[in-house]
Amino acid sequence: MKVLVLGAGNVGRAIAWDLKDEFEVHVGDVSDERLRAVSEFATPVRVDASKFEELVETIKEFELVVGALPGRFGYRAVRAAIEARTDMVDVSFMPENPLTLRDEAEKAQVTVIFDAGFAPGLSHMLMGRIWQEMDELREGYIYVGGLPKEPRPPLYYRITWSPKDLIEEYTRPARVIRNGEITSVDPFERIERVTVGDFEFEAFISDGLRSLLESVRAEGLEEWTLRWPGHLEKMRVLRELGFFRPEYVDKTLEVITPLMTYESPDFSIMQVFGRGTIDGEPKEIGYLLYDEEKGGFTSMSRVTGFTAAIVARLVAEQNCIYGVIPPEILGMRIDTFTRITGELADRGIRLERWENAPPGDS
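Residues numbered from 1 in each chain as written. Predicted model: local features only at pLDDT ≥ 70, side-chain atom pairs only at ≥ 80, totals over all residues. Heavy atoms only, no water.

- Looking at an unreviewed UniProt entry, the chain carries the name Saccharopine dehydrogenase, with the source organism given as Thermococcus siculi.

**Here's the deal with the overall build of the chain**
Here's step 1: Helix and strand counts for the chain stand at 13 helices and 16 strands.
Here's step 2: The globule rule puts the C-alpha radius of gyration for 362 residues at 21 Å, and the 20 Å found for the chain is close to it.
Here's step 3: Over its C-alpha atoms, taken along the principal directions, the chain stretches across nearly 55 × 50 × 35 Å.
Here's step 4: Out of the 362 residues belonging to the chain, those deemed buried represent 59%.
Here's step 5: Restricting the contact set of the chain to residue pairs at least 6 apart, pairs at least 24 apart contribute 69%.
Here's step 6: Accessible area of the chain: about 15300 Å², with a carbon and sulfur share of 47%. (Helix = DSSP H or I, 4+ residues; strand = E, 2+ residues; numbered from the N terminus. Rg over C-alpha atoms; globule rule 2.2 N^0.38 Å. Buried < 20%, exposed > 50% of the residue type's maximum accessible area, 1.4 Å probe, protein only. Contact = heavy atoms within 4.5 Å. Areas by Shrake-Rupley, 256 points an atom, 1.4 Å probe, with all protein chains shown as cover.)

**Examining helix 11 (residues 299-316)**
Here's step 1: In this model helix 11 runs 25 Å from its N-terminal to its C-terminal C-alpha over 18 residues, within 8% of the 26 Å that 1.5 Å per residue would give.
Here's step 2: Within helix 11, 17 of the 18 residues are buried, leaving the element largely enclosed by the surrounding structure.
Here's step 3: One or two positions beyond helix 11, positive phi appears at Q318, with a value near 60°. (Expected span 1.5 Å × (residues − 1).)

**Considering the sheet that holds strand 5 (residues 87-90)**
Here's step 1: Judged by pairing direction, the sheet is parallel, and its 7 strands sit side by side in the order 3-2-1-4-5-6-15 without closing on themselves. In this open sheet, the two edge strands, each paired with only one partner strand, are strand 3 (43-46) and strand 15 (323-325). Taking the axes of each pair of neighbouring strands and ignoring which way they run, one obtains an average angle of 20° across the sheet.
Here's step 2: Sheet topology note: the strand 4 (residues 64-67)/strand 5 ladder contains 4 bridges and is parallel. Counted as the bridge partner of V65 is M88 from strand 5.
Here's step 3: Relative to the sheet, helix 1 (residues 10-19) contacts strand 1 (2-6), strand 2 (24-29) and strand 4, its axis offset from that of strand 1 by approximately 165°.
Here's step 4: The sheet contacts of helix 4 (residues 71-84) involve strand 1, strand 4, strand 5 and strand 6 (111-113), and relative to strand 5 the element is tilted by about 165°. (Pairing = 2+ DSSP bridges. Axes fitted to C-alpha atoms, helices over the stretch in contact; angles between N-to-C directions.)

**A look at the pattern of salt bridges**
Here's step 1: Evaluated as defined, the whole model comprises 34 salt bridges.
Here's step 2: Residues E192 and R190 are paired through a salt bridge, measuring 2.6 Å at the closest nitrogen-oxygen approach.
Here's step 3: Ionic pairing is found between R245 and E247, a salt bridge with its closest N-O pair at 2.6 Å.
Here's step 4: Judged by its relative accessible area of 47%, E247 is partly exposed.
Here's step 5: Taken together, the shared-partner salt bridges connect D18, E22, R313, E317, R339, E343 and R347 into one network. (Salt bridge = Lys/Arg side-chain N within 4 Å of Asp/Glu carboxyl O.)

**Digging into the UniProt feature "domain: Saccharopine dehydrogenase NADP binding" (unreviewed entry) in the chain**
Here's step 1: UniProt records the feature "domain: Saccharopine dehydrogenase NADP binding" (unreviewed entry) at residues 3-113, using the numbering of this structure.
Here's step 2: Helix makes up 41% of residues 3-113 and strand makes up 23%, while its end C-alpha atoms are separated by 15 Å. (UniProt positions renumbered as here; feature names shortened; annotations may be inferred.)

**Description of a nonpolar patch on the surface**
Here's step 1: A contiguous nonpolar patch, built from V237, L241 and F243 and spanning about 280 Å² of accessible area, is present on the exposed surface.
Here's step 2: V237 gets classed as partly exposed once you look at its relative accessible area, which sits at 37%. (Patch = residues over 30% accessible without salt bridge, like charges linked within 9 Å, V, L, I, M, F, W, Y side chains within 5 Å.)

**Some words on helix 7 (residues 163-171)**
Residues spaced three or four apart along an α-helix face the same direction, because each turn holds 3.6 residues.
Here's step 1: Residues of helix 7 that are buried: D165, L166, I167, E169 and Y170.
Here's step 2: The secondary structure elements touched by the buried residues of helix 7 are helix 4, strand 11 (199-205), strand 12 (220-227), helix 9 (232-240) and helix 10 (249-256).

**Some remarks on the UniProt feature "domain: Saccharopine dehydrogenase-like C-terminal" (unreviewed entry) in the chain**
Here's step 1: Within this numbering scheme, the UniProt entry marks residues 117-349 as carrying the feature "domain: Saccharopine dehydrogenase-like C-terminal" (unreviewed entry).
Here's step 2: Annotation note: span residues 117-349, helix share 33%, strand share 30%, distance between end C-alpha atoms 14 Å.

**Notes on the environment of V272**
Here's step 1: Summarising the element assignment, V272 is placed in strand 13 (residues 266-278).
Here's step 2: Along the sequence, V272 and V25 sit 247 residues apart, while their C-alpha atoms lie 33 Å from each other.
Here's step 3: Aside from chain neighbours lying at most four places away, what touches V272 is S123, L126, M127, I130, Y141, I142, I285, G286 and Y287.

Written out as structure tokens, the structure reads:
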């Protein structure tokens, strides 16, 4: 099967590497430099994702496409795949709602699984599994972060993905469920200190629930993103001073991106848990994931790219129905959930399930 990976960045490279032994893998990007970096294990294809018709014609040559583009190109890429009648798995953090393309995908007999990375993605699959196991889910929480093992001042963060998408997390209103209703809050309405695993972090509410807002019924549902202490207050000040406004963000990134670009191994950590009832009894079910950089790939590219590659195999095997499918559906199905988590374990990504008390709690 001919597979096109759109985007030759860290995540796209991990996806292509993971698929290379089973598929004829091509990688599309506008950057010749990034394409050279993947040429050892994939066929480079120069394509400009900002040009819709060019994108459609390129995708038509493939049987499956995996999107690993910055969020601003994600919705366009999904539309192009549907027009090309090519199945797609996508990890871009697009601001648009891909579920609006559901009818078009069904009519074209195309399968699209969006948000199929780490968070959103695996986070949704874990929450979907918890929701499926509960008779009633009262509240659910996602705590997730991709962080440097060696946080350096002044910002205590290392960029391992799209800088513009990073800023989006701090500026986009975060949708949550409170008292059974969907509401939007300021990501910086409060900054909290939290303990996840063996670490102490700062956390802020992020707009990562997305399709979970519609598919999981609960009185409360929130996603919190983790950072090392010292980062969030500085980013809040920059936002309040206007440095993240659209007309200034490029200049701002010119200044702060070098401060967050340095050599340090990264790690990924995520805790997803829900509280509710099973057989009338109170129950808490949770998962704790931990991964570190290894094998020449950042941890963030591993947990995002390898998850997408495993989901791509499911689509290639025609294990999914036509239409636009949110990732939590894969968690609600025990067969696909077991397949995905098992293959992640095979790649050295640790995932531990717990009931009533997280690992390490007394």
